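The primary structure of each chain is shown beneath.
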Amino acid sequence: MVPGFGGSTLRIDLSGGTVTRAPLDPAFARAWLGGRGYVDKIVYDEVPRDADPLGPENRLVVTPGVFSGHFAPSGSKCCFGAVSPLTNGAGDSTVGGHFGPELKFAGYDLLVFEGIATTPTYLFIDDDRVELRDAAAYWGHGTMDAERMLKEDLGEDVEIACIGPAGENLVSFACIGHDYGRQAGRCGIGAVMGSKRLKAIVVRGTKALPVHDLPALKASTMEIMKRTAQHPNMAPWQKYGTAMFIGWSNEHGVYPAHNFQTTYFERHPGIDGQTLVDRLLVSHKACFGCWMNCGKYSRASLPGREAVYVEGPEYETGALCGGNCGFDQIEQVAYVNWLFDRAGIDTMTGGGMAAFAMECYEKGLITRDRLEGHEMRWGSIEDLEHFVDMLVERRGIGDAFARGYASAAAQIGGGAERLACQVKGQGMSGYDGRPAPGMLLSYMTADIGAHHNRSWTITMDEDLGKNVLTGKAKVVVHLQHIRPFFDTVSCCRLFWGEVDVSDEEHIAAIRMMTGWHDLTLEEILLLSERVWNINRAHYLERNGGPGRRFDYPNARFYEEEVPTGPSQGARLTLEDLDLMLDEYYAARGWGKDGNPSREVLLDLGLDTCVANLEREGLLGTLTEPLPPVRGERYKPKAF
Ligand code: SF4
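Residues numbered from 1 in each chain as written. Predicted model: local features only at pLDDT ≥ 70, side-chain atom pairs only at ≥ 80, totals over all residues. Heavy atoms only, no water.

Caption draft 1: Layout of the packing of aromatic side chains. Applying the stated criterion across every chain yields a total of 24 aromatic pairs. Plain terms: the ring middles of F356 and F401 are 5.8 Å apart, the flat faces sit at 70 degrees to each other, and that makes the pair edge-to-face. Taken as a pair, F356 in helix α13 (residues 347-362) and F401 in helix α15 (residues 397-403) lie far apart in primary sequence, 45 residues in all. The buried category is assigned to F356, whose relative accessible area is 0%. Ring pairs connect the aromatic residues W237, F245, W248, Y315, Y431 and W456, which therefore count as one cluster. Over the ring of Y44 we find R49; its NZ or CZ atom is 4.3 Å from the centre of that ring. (Phe/Tyr/Trp six-rings, centres within 6.5 Å; stacked < 30°, edge-to-face > 60°. Helix = DSSP H or I, 4+ residues; strand = E, 2+ residues; numbered from the N terminus. Buried < 20%, exposed > 50% of the residue type's maximum accessible area, 1.4 Å probe, protein only. Lys NZ or Arg CZ within 6 Å of the ring centre and 35° of its normal.)

Caption draft 2: Here's a closer look at unusual backbone geometry. Cis peptide bonds are those with omega within 30 degrees of zero, and the linkage from P73 to S74 qualifies with -25 degrees. Residues G312 and P313 are joined by a peptide bond in cis, for which omega reads -5 degrees. You can see P313 is positioned in the loop between β15 (308-311) and α11 (315-320). A positive phi angle, close to 75 degrees, is found at C187, a residue other than glycine. Judged by its relative accessible area of 1%, C187 is buried.

Caption draft 3: Focus on the packing of helix α12 (residues 330-343) against α13. Relative to each other, α12 and α13 sit at 115 degrees, their axes nearing to 10 Å. Classified by chirality, the crossing of α13 by α12 is right-handed. Seen from α12, the contacting residues are N337, F340 and D341; seen from α13, they are T347, G350 and G351. Residue composition of the contact of α12 with α13, grouped by class: one nonpolar, four polar and one charged. (Axes fitted to C-alpha atoms, helices over the stretch in contact; angles between N-to-C directions. Left-handed = near helix turned anticlockwise from the far one by under 90°. Contact = heavy atoms within 4.5 Å. Nonpolar A, V, L, I, M, F, W, Y, C, P; charged D, E, K, R; others polar.)

Caption draft 4: Main features of the nonpolar core. Among the nonpolar cores identified, the biggest contains 155 residues, and F67, I345, F356, F401, I412 and Y584 are the most heavily contacted of them. The element that contributes the greatest number of residues to this core is helix α22 (residues 521-543), accounting for eleven residues. If we skip the residues at most four places from it in the chain, Y584 touches L441, T445, A473, V476, V477, Q480, W532 and W590. Grouped together as the second largest cluster of nonpolar side chains are 31 residues, C78, L111, I176 and A184 included. (Core = buried A, V, L, I, M, F, W, Y, C linked by side-chain atoms within 4.5 Å.)

Caption draft 5: Representation of the sheet that holds β15. Reading across from one edge, β13-β14-β15 is the order of the three strands in this open sheet, with antiparallel pairing throughout. Of all strands in the sheet, those with a lone pairing partner are β13 (281-285) and β15, marking the two edges. Taking the axes of each pair of neighbouring strands and ignoring which way they run, one obtains an average angle of 20 degrees across the sheet. As paired strands, strand β14 (residues 295-300) and β15 are joined by four bridges and run antiparallel to one another. Across the sheet, R299 pairs through a bridge with Y309, a residue of β15. Packing against the sheet, α12 makes contact with β14 and β15, and its axis sits at approximately 80 degrees to β15. (Pairing = 2+ DSSP bridges.)

Caption draft 6: Highlighting the domain arrangement of the protein. Entries for the protein in the domain assignment read domain 1 (8-204), domain 2 (233-420) and domain 3 (435-499 + 520-615). Between domain 1 and domain 2, the C-alpha centre-to-centre distance is 26 Å. In total, domain 1 and domain 2 occlude about 2400 Å² of area from one another, counting both sides; carbon and sulfur atoms represent 58% of this. Among the residues domain 1 hides against domain 2, the three largest losses belong to F173, R182 and R186. Together they make up 27% of the total. Between the two partners, domain 1 and domain 2, sit three salt bridges. Two residues, R182 and E311, come together in a salt bridge whose shortest N-O distance is 3.0 Å. Here domain 1 is connected to domain 2 by 17 residue pairs in polar contact (both at pLDDT 80 or more). For the side of domain 1 that touches domain 2, the element with the highest residue contribution is helix α5 (residues 165-168), accounting for three residues. Partitioned by chemical class, the residues of the side of domain 1 that touches domain 2 number 14 nonpolar, 17 polar and three charged. (Domains from an automatic or database assignment. Buried area = accessible area lost by both parts, 1.4 Å probe. Salt bridge = Lys/Arg side-chain N within 4 Å of Asp/Glu carboxyl O. Polar contact = N/O pair within 3.5 Å; in protein donor to acceptor, adjacent residues only side chain to side chain.)

Caption draft 7: Inspection of the site of the ligand at higher detail. Around the ligand, the surrounding shell consists of S74, S76, K77, R182, A286, C287, C290, M292, C294, C492 and L494. Considering only residue class, the shell around the ligand consists of seven nonpolar, two polar and two charged. In terms of domain composition, the shell around the ligand takes at least three residues from each of domain 1 (8-204) and domain 2 (233-420). (Near = heavy atom within 4 Å.)

Caption draft 8: Just the sheet that holds strand β1 (residues 8-13), in detail. Taken in spatial order, the six strands make up an open sheet running β2-β1-β6-β3-β4-β5, and their pairing is mixed. The open sheet has two edge strands with one neighbour each: β2 (18-23) and β5 (90-95). Going across the sheet, the axis of each strand differs from the next one's by a mean of 15 degrees, ignoring polarity. When strand β3 (residues 60-63) meets strand β6 (residues 108-114), the two strands line up antiparallel, connected through three bridges. The partner of V61 across the bridge, within β6, is V112. Strands β1, β3, β4 (78-83), β5 and β6 of the sheet are contacted by helix α2 (residues 35-46), whose axis makes an angle of about 20 degrees with β4.

Caption draft 9: Looking closely at the side chain of T9. Examined against the element boundaries, T9 turns out to sit in strand β1. Among residues more than four places away in sequence, those in contact with T9 are T20, R21, A22, P23, L24 and L110.

Caption draft 10: Summary view of the pattern of salt bridges. The full count for this structure, using the stated rule, is 57 salt bridges. As a salt-bridge pair, D578 and R548 come within 3.2 Å of each other at their nearest N and O atoms. Here D578 is found in helix α24 (residues 574-588), whereas its partner R548 is found in the loop between α22 and α23 (556-559), with 30 residues between them in sequence. With a closest N to O distance of 2.5 Å, R598 and E614 form a salt bridge. Here R598 is found in helix α25 (residues 598-603), whereas its partner E614 is found in helix α26 (residues 607-615), with 16 residues between them in sequence. Under the relative-accessibility criterion, E614 is labelled partly exposed at 43%. Here the residues in one salt-bridge network are E359, E362, K363, R418, R556, E559 and E560, joined through shared partners.

Caption draft 11: Representation of the environment of G415 in the model. With respect to the helices, strands and loops of the structure, G415 is situated in the loop between α16 (405-412) and β16 (422-423). Sequence separation between G415 and L365 is 50 residues; the distance between their C-alpha atoms is 8.8 Å.

Caption draft 12: Examining the environment of R227 more closely. Locating R227 in the fold gives a position in helix α7 (residues 214-229). Beyond its immediate chain neighbours, meaning those up to four positions away, R227 contacts D500, V501 and E505.

Here is the structure:
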C-alpha cells in the first residue's frame, strides 16, 4: 500500500447490485495520481464510444486524490466524473467540503459505478461495511432536504453527496450537492448519477490515513499556514470570498451582463461582496483543512417568501445568476442560488441558460404561449421560479432547455443559437472573453467546454495587452497543464493562485505523504499533457472531426462589439479566433484541423489513442517539429 492513500477501490455494479473491493494498484496511482487523472483514464478505457452518457455503459467515477484528507493546503477536494451528457466528452467536476477526506478516512481512493439500479438506491459506506440501500424515502427531495433527512437517519457524522430532482429527471446540467451548498457543478455529472438511480453516496470514515513522513508534512504545513496568514490577499479572501470579484470584474470590463450582451453591470454594487457581507452573512465556512474559509453562509429573505439559507453567492453565481439575469439585489441572487441548489442544478449553466431564455423573450423569440402563460423578464424572481419548474419537470420548452443549449436553440429557432453563450455545450463561466482574448481562447479549447478553471488568463490578457492576440496560446497551454494538477491531486488551487503556495511546495507535500521522493514538476506536467490529449482523442472519437469545428463559441463573441462600460468597443473577428487557434494547435503539436498528431501522442505514450484515431481517420498532421523536452516544452518564458 502506498502511504498517503486510502488503499482500496470499489466497483459498484448497480444493475447487478454487487460491490467489488480491490486494493489500489500502486502503479496506477503513480501514473494517474487521482482525481481527473483517474476519471479521464477510466472513461476513455471503459465507456464505448457510442454509449449513451445517460445509459448503463457510462461510468460514474468518484475519486479523492492524494491530497484529500491530509493536513496540507487544502486537502479537501473530491472529483466526480463520467462521459458528460452536456458536452458528450469526458467530463469532471470537483467539490470541496468534507466528502473526499471522509472517503479516504474510510479507506477508499476510487469508486466506479456502472449499470443502472432498478429502483432508487444509495450507497452507504461505513468504513469496511459497504451496502446498496433503498433510497425511495429520499427520492424527489431537494439536495439540502435529502442531506438533512439522511443525516437524521444515519447520524450527523456522515458525509453525503446527493442529487436533487434535476438529476433524477436527467437535466443535462444537473449537479451533485454536498455539505448544504457545495456542488460538483459542471458537466452534468448529477444527471449521470440520476440515470443510474443513485440518489446519494453516504460515507462514514474513522480510520487514520498513513503518511510517509508526518513530522515533515506537519512542519511544512504549519510554516505555510503562518506565512500565508500574513499574505495581503488572505484577509479579504477570508472576509468576502470570491464575491469580492464582482466589483473587480466590472471595473475591468469583463463581467457578463444581460446574457453577455455587454461586460459591465451598472447596478453591481447591489450584489457585490461588501453587500453580501453587510446584508446576508451568517457565518464564514471552510472546507476540510482550510484556513482561507472562502465560503460564506448566508440568509436571504425576499418579500412573500420564507427566508432561505445558502452557501454563497460566490463569484460565478453572482455573475451568471446576478447581472447576467438582470438581478441587482443580493437577496435575489442568493434566492436564485438557493433555487438552483435545491433542485440540484449547476448555478453557472443554470444562470446562463436562464439568461439565454430571458434574451430570447426580450427579442420575441420565446413568447408567453411557450412559457405556460408566464413571462421571462430580466430580474424577475417569479419568472425565474417558473422557468426552473419547467426545466426540472421537463415541461414544454423546459424539456428542450433541460437537454442543453443546442436543443433549446433548435426548438426556439429564429437564429437563437447566436445568443446561446457556450462552447461544446458548456455554458460560459462568468467572464466575457471579448476584452480578454486569452480567456476566450481558454474557453474555446477547454476539454469540457467554456469553463474558467481549466485556464484563467484575464490578468495576463491585461499584462500582455487586451488587444494582443499572438503569444497568448502558449500561456493558455501552460495553464491548461498546471491547473489539472490541482484537480488531479484534489487540493484547492486558491492557495496556489491567491496566496502564493508554490508548485514546488505542493509537490514536496506529496513526497512527504507518499514517499515518492523522485516526483517532479515535469512528471506532473507530463501527466497533465497526457490527460489533455486523451480527452481530445476521446472527444473526437465520440463526435467525429475535425476538432477545430468544435472550438468556436457562439457568434456573439466574434461578431458583436462590447457596447458599454470600460471595455466599450472591444471586438474580435472570426479571423482573430482562427489566428489564436492556429497558434494554439501548433503549441500542442496538433494539426491545423485541431486533431492531435501521431508524433505528440506517441511521445506521450498514448499508443491506444493513435490506433483509435488512425482507424477513424482523425489523426492531425504536425506542422513543426516537437520541442525535445517533454512536459516543460510549452512553458512560456514569463513563467
Ligand atoms: Fe474550500 Fe474556499 Fe478553502 Fe478552497 S479556499 S478549500 S474552496 S473554503
